[in-house]
Number of protein chains: 2
Amino acid sequence: MFSSWAARLETADPTWDLAEGERRGARLVIPGDSEWPTQLNDLEDRAPYALWLHGEANLRFSCLRSVAIVGSRAATPYGAHLAAEFGAGLGERGWSIVSGGAYGIDGAAHRGALDGGAPTVVVLACGTDVAYPSAHHDLFAAVRAQGLLVSECPMGVRPVRPRFLIRNRLIAALSRGSLVIEAAVRSGALNTAGHAASLNRVVAAVPGPVTSEMSAGCHRLIRQGSAVCVTTPEEMIELVGVMGDDLAPELRGPVLPRDRLDPETRRVLEAMPVRAGVGPAVIATAAGVDLETVLSCLGGLAAAGYVERVAKGWRLRPDRPPRQVAGKPAGGVTEEPAGG
Amino acid sequence: MFSSWAARLETADPTWDLAEGERRGARLVIPGDSEWPTQLNDLEDRAPYALWLHGEANLRFSCLRSVAIVGSRAATPYGAHLAAEFGAGLGERGWSIVSGGAYGIDGAAHRGALDGGAPTVVVLACGTDVAYPSAHHDLFAAVRAQGLLVSECPMGVRPVRPRFLIRNRLIAALSRGSLVIEAAVRSGALNTAGHAASLNRVVAAVPGPVTSEMSAGCHRLIRQGSAVCVTTPEEMIELVGVMGDDLAPELRGPVLPRDRLDPETRRVLEAMPVRAGVGPAVIATAAGVDLETVLSCLGGLAAAGYVERVAKGWRLRPDRPPRQVAGKPAGGVTEEPAGG
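Residues numbered from 1 in each chain as written. Chains lettered and ligands numbered in written order. Predicted model: local features only at pLDDT ≥ 70, side-chain atom pairs only at ≥ 80, totals over all residues. Heavy atoms only, no water.

- The name given to chain A in an unreviewed UniProt entry is DNA processing protein, with the source organism recorded as Streptosporangium saharense.
- According to its UniProt record, chain A has this under Sequence similarities (unreviewed entry): "Belongs to the DprA/Smf family." (UniProt positions renumbered as here; feature names shortened; annotations may be inferred.)

Here is the structure:
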């Protein structure tokens, strides 16, 4: 391995690199500088010797509360939408994004973060002066104004394939956790997730349609227990945030009118017939309560619009208060619980 | 609780129930009968005293290798599609389906199982002679011919709300595991999943778009570790099948032409420039190999269509063999790894 370095030594020109970096507006930070992110020490002998930075943000502060968003370049509209939503949602809550500079998930996440007003960190596999891909020229300009371009490479270095994989360890190490938004079974994003896991960082993945190949890598991580299933920015923050302080709100279904009924009244309501009316004695038997209870409950249920008196006795009102979450076919008369 | 039973005792007429069941073509099975599924003993004091069956299949044999498919009545087209796919896919592999008789996931799963040629088991919350919902009249007729209608209730009993929840324990207990295909955060399907977990049965859930409320219940189960993430029938069979015998095939990305290159040739290929050609000495330095190796590798790479000779030296061929999975934008010249 060292022989390959020796051959390159002849072409190295650190004086030119430093002058060219300064001319381009970039700065070089090394371990010990106040802007150096000390979490890179976790990389041990794979830690970078120096980083080129170009942009207004401070690298150390930007990465203190940061999440790596990674995923496929060939993202679907679903993936690109979610990358932007997570970028913006994390940004609005004071979390910055670390990602690459590629098409698809990377670009969408940075755009979302910029919209969310957060500094965003683009870790490149080429010099910070090389706009790669070139269609991201304007995006990188916006990132320099509000965030940072970061690279191990000096000015002018163009990306070659192995550099992307080498670069991925920096994305994983700079952030508190990596979130895979879309990844095929064979994807560079899974390489970043592997780095994050080996650094004891959080690994999370967003599920998607099982019919989409672009979610297959996420599902495999989740299924194997290598990643936590995450569906909202709040859930991601719960994983990477301070224990107890950054809990995601618990998902609850809507509170339905019948939830507010007392248990006896609910039993009477649940024993009511749908179509033909029946007498209070039949309802009492079906509900397992006494006749007096039925009579008193029926009055309340009728007043609240749940039941009505018909020729043969009592029945449920066809237009009674809604019991069901959005999505139920209109006019259903079933008493089956949702999803039953 | 016993007082409510006492009141109902007056209306019980077992002689009529048996005669009416026979007249309708149903049969009554009790513990000790050869058709009784002994896994119901796991319910202990909540085990049914007897079950009414109507159909050609044998209940005990049908449930030996069975999966409960549960989910929302208000299923999306995605959920209904998957329920049918899992029903058919499990059926084709010798696994039968246990589910309710509702619209949405239940009905789609049974239809899929019938298509897959498997006996399918509909556990009803009403008498087996009551077609509820009535639009499933034809489905239930097909189930009687190829599978079974099952109920704790004698003939003529109509469904009321609590019976669906009570019925769910039978769906969970009859099968080796429950698979939730779509469920809102508040859903009867989660009630069945809870029964399955308390009976030490497998609980699995299918992920979906995080933008769909109908997948939110599945994602919560997966996120909490209450359910395994399952994306194919094979993965479900791996969970409920015989350890070692029923392993799902491991998901792999496609084998790409460059995978077949030897390591040195791959290093040379990865060091090749995209646009402007360069000489072999520059490539040797970038790849970290000696000049002789580069010259021999370039010949092979050119013959295989990866590189070409241009005015200034060698470069990647714009139309070189595909390196990337389906979904990559055509004509991309990047050397970035997929998803990178």
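## Structural notes on the environment of Ala193 of chain B
Residues and elements named next belong to chain B.
So, step 1. Summarising the element assignment, Ala193 is placed in helix 8 (residues 188-198).
So, step 2. Put simply, Ala193 and Ala68 are 125 residues apart on the chain and 9.4 Å apart in space, counted from C-alpha to C-alpha.
So, step 3. Filtering out sequence-adjacent residues up to four positions away, Ala193 remains in contact with Val180, Val203 and Leu221. (Helix = DSSP H or I, 4+ residues; strand = E, 2+ residues; numbered from the N terminus. Contact = heavy atoms within 4.5 Å.)

## Some words on the pairing of strand 10 (residues 307-310) of chain B
Every regular strand shows the same layout, with side chains that alternate between the two sheet faces.
All names here are of chain B.
So, step 1. Where strand 10 meets strand 11 (residues 313-316), four bridges bridge the pair, whose relative direction is antiparallel. Note that in strand 11 the partner of Val310 across the bridge is Gly313.
So, step 2. Two successive antiparallel strands, strand 10 and strand 11, enclose a turn made up of two residues. (Pairing = 2+ DSSP bridges.)

## Some details on a nonpolar patch on the surface
So, step 1. Nonpolar side chains collect at one region of the surface, where Leu18, Leu28 and Ile30 of chain A lie side by side and expose about 240 Å² of accessible area between them.
So, step 2. Assignment of secondary structure puts Leu18 of chain A in helix 2 (residues 14-24). (Patch = residues over 30% accessible without salt bridge, like charges linked within 9 Å, V, L, I, M, F, W, Y side chains within 5 Å. Areas by Shrake-Rupley, 256 points an atom, 1.4 Å probe, with all protein chains shown as cover. Salt bridge = Lys/Arg side-chain N within 4 Å of Asp/Glu carboxyl O.)

## A word on the sheet that holds strand 4 (residues 96-99) of chain A
Residue and element names in this part refer to chain A.
So, step 1. Strand order in the open sheet made by the nine strands is 1-2-6-5-4-3-7-8-9, with mixed pairing throughout. Single-partner strands in this sheet number two, and they are strand 1 (27-29) and strand 9 (228-229).
So, step 2. The pairing of strand 3 (residues 66-70) with strand 4 spans three bridges and is parallel. Its bridge partner lying in strand 4, Ser66 is registered against Ser96.
So, step 3. The strands touched by helix 4 (residues 77-92) within the sheet are strand 3, strand 4 and strand 7 (177-180), with strand 3 carrying the most contacts at an inclination of about 175°. (Axes fitted to C-alpha atoms, helices over the stretch in contact; angles between N-to-C directions.)

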